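Residue strings, one per chain:
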Amino acid sequence: MPEPVRVAFDAELFTARTATDPATAWRAAERAHILSQPWPWRHTVTHAVMLKRALRERDMVEAVGQVARLAVAGPGSAVNRYPEGNTGRARVPLTQPMRVPDDLANILSCGAE
């Protein structure tokens with residue numbers, strides 16, 4: 001993971017883990033997910049953080065969805081098969097590509113250079 005992407009990813013993941021407001025935590029987790037998709041280990045870690053948050057909130061639909069995503073995140077990234085921009089949430093179809101927010105697209109493009 002190139003440094004500009006890693007710095008942004010680490011910041012988002014930190015917020016996802018530590019925010020007390022669920023909306024703030026989920027937004028950060030979704031952004032970390034988008035940044036992590038090309039890298040198997042970090043992609044998997046992001047889903048683990050999402051699973052932990054879902055369990056903390058007693059959201060069983062989200063938790064079950066995250067367990068399923070944990071099984072496919074790493075392998076999907078390893079073979080470069082993931083839906084770009086997908087937020088990683090259980091209520092979003094697993095294979096649905098989504099628009100990458102402009103700021104994250106800029107970070108990802110800097111990391112690709």
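For the structure, check the block above.
Everything quoted here is computed from the prediction, not taken from an experiment.

K.L.:
Which residues make up the packing of helix H3 (residues 40–56) against helix H4 (residues 60–78), and what values go with them?
P.N.:
How two helices pack is summed up by the angle between their axes together with the distance between the axes. Across the interface, H3 lies against H4 with an axial gap of 8 Å and an inter-helix angle of 175 degrees. Here H3 lies roughly antiparallel to H4, going by the angle between them. Residue-level contacts link Pro 40, His 43, Thr 44, His 47, Ala 48, Met 50, Leu 51, Ala 54 and Leu 55 of H3 to Met 60, Glu 62, Ala 63, Gln 66, Val 67, Arg 69, Leu 70, Ala 73, Gly 74, Ser 77 and Ala 78 of H4. Within the contact of H3 with H4, the residues separate by chemical class into twelve nonpolar, six polar and two charged.

K.L.:
Provide a residue-level description of the side chain of Arg 69, including the pertinent values.
P.N.:
The topology assignment puts Arg 69 in helix H4. Buried and unpaired, Arg 69 has no salt bridge, with Glu 62 as the nearest side chain of opposite charge at 6.1 Å. Among all residues touching Arg 69, those that are not within four sequence positions of it are His 47, Gly 88, Arg 89, Ala 90, Val 92, Pro 93 and Leu 94.

K.L.:
Report on unusual backbone geometry, specifying residues and quantitative values.
P.N.:
For Arg 58, which is not glycine, the phi dihedral falls at a positive 55 degrees. Using a relative accessible area of 71% as the deciding quantity, one classes Arg 58 as exposed. With phi around 60 degrees, Asn 80 is a residue other than glycine that occupies positive phi space. Looking at the secondary structure, you find Asn 80 in the loop between H4 and helix H5 (102–112).

K.L.:
Could you give an account of the environment of Leu 35, naming the residues involved and the relevant values?
P.N.:
Along the chain, Leu 35 turns up in helix H2 (residues 22–36). Residue class for Leu 35 comes out buried when judged on its relative accessible area of 0%. Separated by 57 residues in sequence, Leu 35 and Val 92 place their C-alpha atoms 17 Å apart. In this view, Leu 35 contacts Met 1, Val 5, Ala 8, Phe 9, Glu 12, Leu 104, Ile 107 and Leu 108; residues no more than four positions away in its chain are not counted.

K.L.:
Report on the nonpolar core, specifying residues and quantitative values.
P.N.:
Formed by 19 residues in total, the largest nonpolar core has its most connected members in Leu 13 and Leu 35. Those elements that provide at least two residues to this core are helix H1 (3–18), H2 and H3. Looking at this core element by element, the count peaks at six residues for H2.

K.L.:
Give me the lowdown on the pattern of salt bridges, citing residues and values where you can.
P.N.:
Counted under the stated rule, the structure contains ten salt bridges. A salt bridge links Arg 6 to Asp 10, with the shortest nitrogen-to-oxygen separation between them at 3.2 Å. Placement of both Arg 6 and Asp 10 in helix H1 is noted, with a separation of four residues, approximately one turn of the helix. When the shortest N-O distance is used, the salt bridge between Asp 102 and Arg 99 registers 2.6 Å. Here Asp 102 and Arg 99 have matching classes, each one exposed. Each member of the salt-bridge network shares a partner with another, and the members are Glu 30, Asp 59, Glu 62, Arg 89 and Arg 91.

Rules of the game
- Residues numbered from 1 in each chain as written.
- Predicted model: local features only at pLDDT ≥ 70, side-chain atom pairs only at ≥ 80, totals over all residues.
- Heavy atoms only, no water.
- Axes fitted to C-alpha atoms, helices over the stretch in contact; angles between N-to-C directions.
- Helix = DSSP H or I, 4+ residues; strand = E, 2+ residues; numbered from the N terminus.
- Parallel < 35°, antiparallel > 145°, perpendicular 65-115°, else oblique.
- Contact = heavy atoms within 4.5 Å.
- Nonpolar A, V, L, I, M, F, W, Y, C, P; charged D, E, K, R; others polar.
- Buried < 20%, exposed > 50% of the residue type's maximum accessible area, 1.4 Å probe, protein only.
- Lys, Arg positive; Asp, Glu negative; His and termini not counted.
- Salt bridge = Lys/Arg side-chain N within 4 Å of Asp/Glu carboxyl O.
- Core = buried A, V, L, I, M, F, W, Y, C linked by side-chain atoms within 4.5 Å.

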